[in-house]
Amino acid sequence: MANKPSLRRFLDRLDSAGALHRVTRRVDPEFEIGAILGLRDTGPAQLFENVDGPGLAVVGNVLNSRARFARAFGIAPDALDDYCAEAVARPVPPALVDYGPVQDEVFEGAPDLAALLPVPRWFERETGPYITAGVIVARDPETGRRNLSIARLRLEGGNRVMAGIAANHHLNVLAQKAKARGEALEFAVAIGNHPAVLLASQMYVDLGRDELGIAGALQGEPVELVPCRTVGLAVPAEAEIVLEGALRPDRPIEEGPVSEFPGFYVRYGPGIAGEISCVTRRKDAIFQAILPGFASEHCLLGAVAIGATLRHELSRSVPAVRNVAITEGGMGRLHAVISMRRPRRGEGKRAILLAMGLVNLLKLVIAVDDDVDPHDWKQVEWSLAARFRGGEDLIVLPGVKADRCDPVHEDLTVTKIGMVATTRPGDGEPGSRSEFARPPAEILARIRRDLDLY
């Protein structure tokens, strides 16, 4: 079991590489953990070994860079986009096993969550502590198909939680199906997962597609699942902690102000009540947390996942699409750069409009040629300056339906913008205004080959 893909195995690798900082000083999960993670937003992962409360360690800032994702999958950073797109296209189904270390300790009945878990309280005006890195497993009450996601879970006292879920969130769709049948929705929350499971839970795939297959492809082998103790679900056997219970969509709970990825407080109204019937965990469990708000790990989980799934979908309709970058400055949700290979006239606009249709959150999409790195804003800006013609290449769509998360929506609408900054036929040809200035090709090739000798 020690060699199975898991959070702790990845933390060991980070530790060996000097990319894990151990916080040995005693910290309070109420605001202090969040403050430290925010002030150390990039750099080493933070392992809090001495936390007030139940006696468990807490880890955060685990996936706060694209290079960290790549390290988790054992690939070079510049291969991350191709690797994730391949995982979306070729999933590896999970495998059911009889035992998992996540069930070494079992607390059944009505477990007191605050007594068992060091759940941080993040921001001053939020009304309670939130579980933010819990991967939620549920099944469609009609089809039985599995769904993975992450939603905010606020502790409500004892074994009670409140789940903050957007109306279009797949978990909410399942909860409403259960409500229509007069049923609760069984769910399980896996905390402390291998990065593959976390990333797969954020993939924008159709309802009914099992994200655990994508996770298996990402980690290079099937995700092993163990049956839950009190609900009819299976959870990652190598997770650190699992909560088992039921969501009660007929019991709304007002949430109040809560942080969101723009970095602001929002007021979404009521969430859904939930009750936990069982907690299982490893004997020396580590509680994983993701700093919410405009934080690198929070934004990147969305950015890497959305980029992979959007690239997969766009390339099926527009074969010229080569890559999609969801920018960190766009909060990992709102801005995209699409890389295209020799797009025909009009294909850039088509790709932009399709992207906005596929991902409702997107409100600024830029199309560039594949000689531009979509992750390098300097190159993207160069492409805008060198290839974008405002009178012909600008798309402005006022009054488009927006997601409730958008910080500037008015009555759930925003203006969406597309910018085509790609070449046209004849660009770059000898004598054209866009002919690149270079040394003779044979000399450039020789120097590039032998550059280390100079």
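Bear in mind the structure is a predicted one, so any value in this text is a computation, not a measurement.

Draft legend 1. Structural detail: the sheet that holds strand S13 (residues 234-236). Taken together, three strands build an open sheet; the order of strands is S4-S12-S13 and the sheet is mixed. The open sheet is flanked by strand S4 (95-96) and S13, the only strands paired with a single partner. Sheet topology places strand S12 (residues 224-227) next to S13; three bridges connect them, and they run antiparallel. Note on S13: the bridge partner recorded for Val226 is Val235.

Draft legend 2. Here's a closer look at a nonpolar patch on the surface. A cluster of nonpolar side chains, namely Leu394, Val396 and Ile417, defines an oily patch on the protein surface of about 220 Å² accessible area. When you line up the elements, Leu394 lands in strand S22 (residues 394-401).

Draft legend 3. The arrangement of the packing of aromatic side chains in detail. Tallying each qualifying case throughout the model produces two aromatic pairs. Judged by centre distance (5.7 Å) and plane angle (25 degrees), the rings of Phe73 and Tyr83 are stacked. Here Tyr83 lies in helix H4 (residues 80-89) and Phe73 lies in helix H3 (residues 66-73), a separation of 10 residues in the sequence. A residue is classified by how much of its surface remains accessible, and Phe73, at 9% relative accessible area, is buried. An angle of 25 degrees between the planes, with centres 5.9 Å apart, marks the rings of Trp382 and Phe436 as stacked. On the criterion of sequence distance, the pair formed by Trp382 in helix H11 (residues 377-387) and Phe436 in the loop between strand S23 (413-421) and helix H13 (441-449) is long-range, its members being 54 residues apart. When its relative accessible area of 38% is taken as the criterion, Trp382 is described as partly exposed. On the accessibility criterion, Phe436 (39% relative accessible area) is partly exposed. The ring of Tyr265 has Arg125 sitting right over it, with the charged end atom 5.4 Å from the ring centre.

Draft legend 4. Here's a closer look at helix H10 (residues 347-358). Taking 1.5 Å of rise per residue, 12 residues should cover 16 Å, and H10 covers 16 Å from first to last C-alpha, within 8% of that figure. Among the residues of H10, Glu347, Gly348, Ala351, Ile352, Ala355 and Met356 are the ones counted as buried. On its buried face, H10 is in contact with helix H9 (296-317), strand S19 (321-326), strand S20 (335-340), strand S21 (364-369), S22 and S23.

Draft legend 5. Representation of the nonpolar core in the model. Core analysis: the biggest nonpolar cluster contains 76 residues, and Ile241, Leu243, Phe287 and Ile338 have the highest contact counts within it. At five residues, H9 tops the list of elements feeding residues into this core. Once residues within four sequence positions are removed from consideration, Ile241 is found in contact with Leu56, Val102, Leu117, Val189, Ala190, Ile191, Val279, Thr280, Arg281, Ala285, Ile286 and Phe287. By size, the runner-up hydrophobic cluster in this structure holds 58 residues, among which are Leu14, Ala200, Ala215 and Val231.

Draft legend 6. Molecular detail of the packing of helix H1 (residues 7-16) against H3. Contact pair H1 / H3: the axes reach a minimum separation of 10 Å and the direction vectors enclose 115 degrees. In this structure, H1 crosses over H3, and the sense of that crossing is right-handed. Facing Phe10, Arg13 and Leu14 of H1, the residues of H3 in contact are Arg68, Arg71 and Ala72. For the contact of H1 with H3, the residue count by class is three nonpolar, no polar and three charged.

Draft legend 7. Quick peek at unusual backbone geometry. The residue Arg342 is not glycine, and still its phi comes out positive at about 45 degrees. Residue position: Arg342 is located in the loop between S20 and H10. On the accessibility criterion, Arg342 (64% relative accessible area) is exposed. Look at Asp411: it is not a glycine, yet its phi comes out positive at around 55 degrees.

Draft legend 8. Region of interest: the pairing of strand S9 (residues 152-157). The pairing of strand S6 (residues 130-131) with S9 spans two bridges and is classified as antiparallel. Pairing of Ile131 across the sheet is with Leu153, part of S9. As judged from the five bridges shared by S9 and strand S10 (residues 160-164), these two strands associate in the antiparallel manner. Considered in S10, the bridge of Leu153 is made with Ala163. If you look at the hairpin formed by S9 and S10, you'll find two residues sitting between the two strands, and Gly158 has a positive phi there, around 60 degrees.

Draft legend 9. Broad picture of the sheet that holds strand S2 (residues 45-48). One open sheet accounts for four strands, arranged S1-S2-S3-S18; its pairing is mixed. Either end of the sheet is taken by a strand with one partner, and the two such strands are strand S1 (20-23) and strand S18 (286-288). Ignoring strand direction, the axes of neighbouring strands in this sheet form an average angle of 25 degrees. Two elements, S2 and strand S3 (residues 57-60), share three bridges in a ladder whose sense is antiparallel. Bridge pairing in S3 places Phe48 opposite Val58.

Parameters and conventions
- Residues numbered from 1 in each chain as written.
- Predicted model: local features only at pLDDT ≥ 70, side-chain atom pairs only at ≥ 80, totals over all residues.
- Heavy atoms only, no water.
- Pairing = 2+ DSSP bridges.
- Helix = DSSP H or I, 4+ residues; strand = E, 2+ residues; numbered from the N terminus.
- Patch = residues over 30% accessible without salt bridge, like charges linked within 9 Å, V, L, I, M, F, W, Y side chains within 5 Å.
- Areas by Shrake-Rupley, 256 points an atom, 1.4 Å probe, with all protein chains shown as cover.
- Salt bridge = Lys/Arg side-chain N within 4 Å of Asp/Glu carboxyl O.
- Phe/Tyr/Trp six-rings, centres within 6.5 Å; stacked < 30°, edge-to-face > 60°.
- Buried < 20%, exposed > 50% of the residue type's maximum accessible area, 1.4 Å probe, protein only.
- Lys NZ or Arg CZ within 6 Å of the ring centre and 35° of its normal.
- Expected span 1.5 Å × (residues − 1).
- Contact = heavy atoms within 4.5 Å.
- Core = buried A, V, L, I, M, F, W, Y, C linked by side-chain atoms within 4.5 Å.
- Axes fitted to C-alpha atoms, helices over the stretch in contact; angles between N-to-C directions.
- Left-handed = near helix turned anticlockwise from the far one by under 90°.
- Nonpolar A, V, L, I, M, F, W, Y, C, P; charged D, E, K, R; others polar.

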